[in-house]
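Residues per chain, in single letters:
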Amino acid sequence: MSADARIKQMAPSLDTSERKREHQDVDATNSNSEPSASDWVNFSQWMHCFCVVTFDLNLGQALEHVYPPAFMPSDQEVSNICYMAFPDSNSGCMGDTKFHMRLRCTTRRDSLPGYNAECSPALRQDGSHYWGFVYFRQKRDPNLPRGYFQKSFIIITRLPFFNLYYDILSQLAPRYFEEGTDVLRLASEQINRQWPGLRVGMPLQLPLLDCSYQICIPRTSSSRKSTADGGIGGSAGESPPVMAACPAAKVLASVNEIELFRSLDFVMEQLYTLWELVITAEPIVVVGTSPADCSHMVQTLLAMIAPLEYCAEARPYFTIHDSEFREFTQECSSKTTLPACILGVTNPFFVKLLKDWPHMLRLVDNQRNMQQQQHLLLGQKHARNIASATSFSSSTELGGRIALKSNANLNGSSSSSNGSGDASSAGLHSKYRPYLKKDKALIKKVLLGMKTKRPEHVQTALIRRHLLELTQSFMIPLERYMASLMPLQKDISPFKSAPNASSFKLDDFLATLETAGPQLTSPLKGDWKGLYRRFFRSPNFRGWYGARHRELQLTLQDLQLQALSVANLEHWAHDKQEVEIIDMILKLKQKLNLYGDKATQLEGNNGSTQQQIRAQIECMKGLLPPDLKNVVNL
């Protein structure tokens, strides 16, 4: 019987046993009935559930516990969680390892539209995928049949709050291993009772056991002000609440921005090549020996093009047992149909399987570096050489990336050869020729910081700011061209349907680059037009254009609504038939119903505009005879 079949066979029994156990807990403390999903409304905004996966001699990876039990994952989700909860490599991750994964939901969940409209794309709640934050513990235990204790604690959520959930993971997982499932119950109940709803642009206090987190989810710069939905972002005039002082408070400056330098330090020479590969959604496979390194690198790559949203597929940690394995590998059979995605893998099997992928990023093998260092230490005969080797060992704390930099032969277009030496060295292996010339000043500044032991967070801030400016320089011409597709104000009539925005034409856009291109704001030289053409064919462009086009259409509808609110409809109606007046009333009501539900997406004084529209409706109704009002139910 296959592992998938064993897990599926086991899932219902686990569900039953765990539900019985939780039922007993609830009976003893609360009531005679088990809490349903409706009792966890507040909890479900922040998390989906906690899972515990253990290694069973007969079943392999097996789901041991789920809390709250009302959010038991489906059989397919259980299979994916179980397989990805353990490292899929022979690197021997001893001790505690933290990493994250992304898995597809079998049934799409409704996201919070108000929250998603207010926050930046990198913080949106995903209705089609889960994020899984894993705390894997492996240690020797002679009392167990295999001689090892292996178990994973997982937080399943739909929010990409990496800093927050990794910190929560570090707090809850060790306590769970020591105290058992009571920790999960207490934490879940506290989150459900004391955590506020998801709100954007205001400080939030999140108490959890002996700690309290203070966070603020930033509002996107392009978000529209909400005046109707105060539960998500607060009213326009609402002042941020003052937080009470907490002795164990932990302030998180950002809930999602990770340390970029931790993953990019050994590929600084390829920084701009990687940026081009990500912004054009090229297929990239990240190969490492630890799921922690792979997941962090994949997330770093996605963060390189912020604030632009990465709209292709990305899997921070991917295994051969993933339910989407065939979907990705079958598409790899033809070089013309390679999927636009970034995969983080640790199984060496993927190196052969994905040999047709044009871009492979090999991470530094931390364990191999440590083993090599031990051999160096053993081979030293003099105390001063031993001291020198010890100093070298300390410099390899981040995986010996600096020391291997020269050995990796890292250049902008390093090519994967048939020789195992070059192909297996750390660095980017690709035949891609970048369109832009790299900024040597930035690279020199970062490399100098590596020599002078500049703090990691300072290096990260330097890289993040530079990449942000680069992405903004790339997107400003696109945003400017999109704004030119808006119809003129004079073309918006209250008595006609709202006009549509013009379509995006690549040749027309490229013609604007001579006078209003990225060279105005970026020092980088190169073939910007060629890069835009490649970007135009990518999922990132389609996702960006789709979002901007919807915003333009909403803006046009809003402008027409404002035009209707100030139009002299009484003068318009003096020579109109009664049926035309009724048609106008129905049109006004339709506008109110359609955009009243989308108040969070409309600009400015939407409330006063709606009041004026209602006044216009009453004015039109006054022009009709009373019997006709009753007939048409107005």
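Look up a bit, the structure's there.
The following paragraphs examine the structure supplied in this document. (Residues numbered from 1 in each chain as written. Predicted model: local features only at pLDDT ≥ 70, side-chain atom pairs only at ≥ 80, totals over all residues. Heavy atoms only, no water.)

1. Some words on the overall build of the chain
Then, in step 1: Of regular secondary structure, the chain possesses 26 helices and 13 strands.
Then, in step 2: Burial statistics for the chain: of 634 residues in total, 50% are counted as buried.
Then, in step 3: A fraction of 74% describes how many contacts in the chain between residues 6 or more apart in sequence connect residues 24 or more apart.
Then, in step 4: Counting only carbon and sulfur atoms, one obtains 50% of the accessible surface of the chain, whose full area is about 30,000 Å². (Helix = DSSP H or I, 4+ residues; strand = E, 2+ residues; numbered from the N terminus. Buried < 20%, exposed > 50% of the residue type's maximum accessible area, 1.4 Å probe, protein only. Contact = heavy atoms within 4.5 Å. Areas by Shrake-Rupley, 256 points an atom, 1.4 Å probe, with all protein chains shown as cover.)

2. A few points about the nonpolar core
Then, in step 1: Trp 46, Phe 153 and Phe 161 are the most contacted members of the largest nonpolar core, which totals 135 residues.
Then, in step 2: Each of domain 1 (39-184) and domain 2 (259-374 + 425-532) contributes no fewer than three residues to this core.
Then, in step 3: Among the nonpolar cores identified, the runner-up in size contains 17 residues, and Leu 561, Leu 569, Met 584 and Leu 592 belong to it. (Core = buried A, V, L, I, M, F, W, Y, C linked by side-chain atoms within 4.5 Å. Domains from an automatic or database assignment.)

3. So, the sheet that holds strand S1 (residues 49-56)
Then, in step 1: Spatially, S2-S1-S5-S4-S3 is the arrangement adopted by the 5 strands of the open sheet, whose pairing is antiparallel. Two strands close off the open sheet at either side, each with one partner strand: strand S2 (60-67) and strand S3 (95-104). Here the average twist between neighbouring strands, direction ignored, is 25 degrees.
Then, in step 2: Here helix H3 (residues 75-84) sits on the sheet and contacts S1, S2, S3, strand S4 (129-140) and strand S5 (148-157); the angle it forms with S3, its principal contact strand, is near 150 degrees.
Then, in step 3: Against the sheet, helix H5 (residues 162-179) contacts S1, S2, S3, S4 and S5, and its axis sits at roughly 40 degrees relative to S4. (Pairing = 2+ DSSP bridges. Axes fitted to C-alpha atoms, helices over the stretch in contact; angles between N-to-C directions.)

4. Regarding helix H21 (residues 528-536)
Then, in step 1: What H21 keeps buried is the set Trp 528, Gly 530, Leu 531, Tyr 532 and Phe 535.
Then, in step 2: The secondary structure elements touched by the buried residues of H21 are helix H9 (271-279), helix H18 (456-484), helix H19 (506-511), helix H20 (513-516) and helix H22 (539-566).

5. Things to note about unusual backbone geometry
The phi angle of most residues is negative, glycine excepted, and most peptide bonds adopt the trans form.
Then, in step 1: Between Tyr 67 and Pro 68 the backbone carries a cis peptide bond, its omega angle lying at -5 degrees.
Then, in step 2: When you line up the elements, Pro 68 lands in the loop between S2 and H3.
Then, in step 3: In the segment running from Ala 306 into Pro 307, the intervening peptide bond is cis, with an omega of 10 degrees.
Then, in step 4: We note that Leu 209 has phi near 55 degrees; this positive angle belongs to a residue other than glycine.
Then, in step 5: By relative accessible area, which is 22% here, Leu 209 ends up partly exposed.

6. Focus on the sheet that holds strand S7 (residues 211-216)
Strands belonging to one sheet form pairs held by backbone hydrogen bonds; the direction of such a pair is parallel or antiparallel.
Then, in step 1: The 3 strands are arranged S6-S7-S8 in an open sheet whose pairing can be described as mixed. Among the strands making up the open sheet, the edge pair consists of strand S6 (203-208) and strand S8 (249-251). Mean inter-strand twist for the sheet, computed between neighbouring axes without regard to direction, equals 25 degrees.
Then, in step 2: Note that S6 and S7 share 6 bridges and pair antiparallel. Along S7, the bridge assignment pairs Pro 203 with Cys 216.
Then, in step 3: Contacting S6, S7 and S8, H5 runs over the sheet at an angle of about 175 degrees to S7.

7. Focus: the pairing of S7
Then, in step 1: Buried residues dominate S7, accounting for 5 of its 6 residues.
Then, in step 2: Note that S7 and S8 share 3 bridges and pair parallel. Its bridge partner lying in S8, Ser 212 is registered against Ala 249.

8. Regarding the packing of aromatic side chains
Then, in step 1: Going through the model one piece at a time under the given rule, you end up with 37 aromatic pairs.
Then, in step 2: When the centroid spacing of 6.4 Å and the interplanar angle of 65 degrees are considered together, the rings of Trp 46 and Phe 161 count as edge-to-face. Taken together, the positions of Trp 46 in helix H2 (residues 41-46) and Phe 161 in the loop between S5 and H5 put the pair 115 residues apart, joining distant regions of the chain. The residues Trp 46 and Phe 161 share a single accessibility class, namely buried.
Then, in step 3: Stacked on the ring of Trp 131, the Lys or Arg Arg 102 has its end atom at 5.7 Å from the ring centre.
Then, in step 4: Lys 139 extends its terminal NZ or CZ atom over the ring of Phe 149, reaching a point 5.6 Å from the ring centre. (Phe/Tyr/Trp six-rings, centres within 6.5 Å; stacked < 30°, edge-to-face > 60°. Lys NZ or Arg CZ within 6 Å of the ring centre and 35° of its normal.)

9. Considerations on the packing of H5 against helix H6 (residues 182-194)
Then, in step 1: Taken N-terminus to C-terminus, the directions of H5 and H6 make an angle of 140 degrees; their axes are 8 Å apart at the nearest point. Classed by the angle they form, the pair H5 and H6 counts as oblique. Along the contact surface, H5 presents Leu 172, Arg 175, Tyr 176 and Glu 179, while H6 presents Val 183, Leu 184 and Ala 187.
Then, in step 2: Grouping the constituent residues of the contact of H5 with H6 by class yields 5 nonpolar, no polar and 2 charged. (Parallel < 35°, antiparallel > 145°, perpendicular 65-115°, else oblique. Nonpolar A, V, L, I, M, F, W, Y, C, P; charged D, E, K, R; others polar.)

10. Some points on helix H17 (residues 440-451)
Then, in step 1: Over its 12 residues, H17 extends 16 Å from the first C-alpha to the last, a length consistent with the 16 Å expected when each residue adds 1.5 Å.
Then, in step 2: Of all the residues in H17, the buried ones are Leu 442, Ile 443, Val 446, Leu 447, Gly 449 and Met 450. The buried residues of H17 occupy one face: seen down the axis, they fall within an arc of 155 degrees. Those residues of H17 that are exposed and angled more than 90 degrees off the buried face are Lys 440, Ala 441, Lys 444 and Lys 451.
Then, in step 3: The N-cap of H17, judged by a side-chain oxygen 3.1 Å from the amide nitrogen of Ala 441 a few residues on, is Asp 439.
Then, in step 4: Immediately downstream of H17, the backbone of Lys 453 shows phi near 60 degrees, a positive value. (Expected span 1.5 Å × (residues − 1). Arc of directions from axis to C-beta. Polar contact = N/O pair within 3.5 Å; in protein donor to acceptor, adjacent residues only side chain to side chain.)

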